[in-house]
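In case you want the letters, here they are:
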Amino acid sequence: MTKTETTNRVPAMAEVGAWLVRRGPDVRSDNLKIAVDHVSSDLRGIREGDGLLLVEEKSGSLDVAFFARIYRVRRGLDETALLLDGLLPVEPPRPSRDFGIQPPTVAVSRLEWPTFESALKTACGIDFPALPIIEGKTPEERNHIRDLLQWAVEDDLLGPADGPVEEIVGMSVRDRYLVGKLAPPDTRVPDDQVEDLPDAATANPEGDDREAEASTSNSLVPSSFGFTFCVDGSAKAVEVRASWGRYERTESERTTEDGKPIRCWKRI
């Protein structure tokens, strides 16, 4: 390894954290995604790119099942999903005590980086940067990659990208998200925005300006939404669950360098 490579790697690895996850009633895993109930742990410290070691109890022993890397953290109302882009099973699973790892008291807890790195090296013979990346070699992996793309598009266009109680700083909610906005039925486009729209007579040479005015007064402030779905012919009922949030202009929990609260749009 050259001196340049050493210099480049150290700062990046110094920023990576490690987490010990115990599969159980509060933690569900399909190996490519881990769902953690909010009542079980405080997950605010988890960051994208962190390492993860999953343990599970089998035959009275707490065994290490796999090592993984967190690609994305997707927060919901009741659970947080840890989406993975790298995963390496331990085959066969080995007792966590073999690596000096004490049984966790909560579903998710921090793990000292040297302990995580040593366990990965001992169990799999590799360093963390060499953890295999999910490439879509199996149908399960290809489905996972498609889900990652779909979730990324939904979060960016509809939101909330940072979870149900996110804060938007430096821009309006309308600028942040392109779809999903609803307004009261009597809402109208502000006068300064109407002036920027094409003149009715110019847009419609026939002079049907009444129809054009009605269009410009409502198209930018939708007050309803709908959806299409299919059911089996034998279905007797359909259950629909709707959830939404509203944003209030207030002070953020974050502060500036001089300690002053940052103004933000906070999702309620």
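Small disclaimer: the values here were computed from a predicted structure and weren't measured.

K.L.:
What's the story with the layout of surface pockets in this structure? I'm lost.
P.N.:
A probe matching the size of a water molecule, rolled over the atoms, marks out where space remains unfilled. Looking at the largest pocket, its volume works out to about 1600 Å³. Forming the boundary of the largest pocket are 44 residues, of which Gly 159, Pro 160, Trp 244, Gly 245 and Arg 267 lie nearest the centre. Contributing elements (two or more residues each) for the lining of the largest pocket: β5 (61-75), β6 (79-95), α3 (139-157), α4 (173-176) and β10 (261-267). Estimated volume of the second largest pocket: approximately 810 Å³. Residue lining of the second largest pocket: 25 residues in total, with Arg 44, Arg 75, Asp 162, Gly 163 and Val 165 positioned closest to the centre.

K.L.:
Help me understand the pairing of β5, please; the structure alone is not making it clear to me.
P.N.:
The two faces of a sheet get side chains in turn, since along a regular strand they alternate between them. Across the 15 residues that make up β5, a large majority, 12, are buried. Here eight bridges tie strand β4 (residues 51-58) to β5, and the two strands are oriented antiparallel to one another. Considered in β5, the bridge of Gly 51 is made with Arg 69. The turn linking β4 back onto β5 is made up of two residues, and Ser 59 within it adopts a positive phi angle of 55 degrees. Across 11 bridges, the pairing between β5 and β6 is antiparallel. Residue pairing for β6: Val 73 is matched across the bridge by Leu 82.

K.L.:
Would you mind going over a nonpolar patch on the surface with me for this structure?
P.N.:
Nonpolar side chains collect at one region of the surface, where Leu 149, Val 153, Leu 157, Leu 158, Leu 178 and Val 179 lie side by side and expose about 540 Å² of accessible area between them. Along the chain, Leu 149 falls in helix α3. Judged by relative accessible area, which is 58%, Leu 149 ranks as exposed.

K.L.:
How should the packing of aromatic side chains be read in this particular structure?
P.N.:
Any two aromatic rings considered together are summarised by their centre-to-centre distance and by the angle between their planes. Following the criterion strictly, the structure yields five aromatic pairs and no others. Between Trp 113 and Phe 116, the ring centres sit 5.2 Å apart and the planes meet at 35 degrees, which makes this aromatic pair tilted. Taken together, the positions of Trp 113 and Phe 116, both in helix α2 (residues 113-124) and three residues apart, correspond to about one turn of that helix. Neither Trp 113 nor Phe 116 differs from the other in exposure class; each is buried. When the ring centre of Phe 128 is taken as origin, the NZ or CZ atom of Arg 69, which lies over that ring, is 5.8 Å away.

K.L.:
What is the right way to read the sheet that holds strand β2 (residues 27-29) from this model?
P.N.:
Pairing between sheet strands relies on hydrogen bonds along the backbone, with the strands arranged either parallel or antiparallel. The mixed open sheet is built from seven strands, whose spatial order is β2-β3-β6-β5-β4-β1-β7. The strands lining the two open edges of the sheet, one partner per strand, are β2 and β7 (108-110). Averaged over all neighbouring strand pairs, the angle between strand axes comes to 35 degrees, with direction disregarded.

Quick notes on the rules
- Residues numbered from 1 in each chain as written.
- Predicted model: local features only at pLDDT ≥ 70, side-chain atom pairs only at ≥ 80, totals over all residues.
- Heavy atoms only, no water.
- 1 Å grid on protein atoms, 1.4 Å probe; cavity = no way out; pocket = protein on both sides within 12 Å on 5 of 7 lines; lining within 4 Å.
- Points joined across faces, edges and corners; volume = space filled by probe spheres on them.
- Helix = DSSP H or I, 4+ residues; strand = E, 2+ residues; numbered from the N terminus.
- Buried < 20%, exposed > 50% of the residue type's maximum accessible area, 1.4 Å probe, protein only.
- Pairing = 2+ DSSP bridges.
- Patch = residues over 30% accessible without salt bridge, like charges linked within 9 Å, V, L, I, M, F, W, Y side chains within 5 Å.
- Areas by Shrake-Rupley, 256 points an atom, 1.4 Å probe, with all protein chains shown as cover.
- Salt bridge = Lys/Arg side-chain N within 4 Å of Asp/Glu carboxyl O.
- Phe/Tyr/Trp six-rings, centres within 6.5 Å; stacked < 30°, edge-to-face > 60°.
- Lys NZ or Arg CZ within 6 Å of the ring centre and 35° of its normal.
- Axes fitted to C-alpha atoms, helices over the stretch in contact; angles between N-to-C directions.

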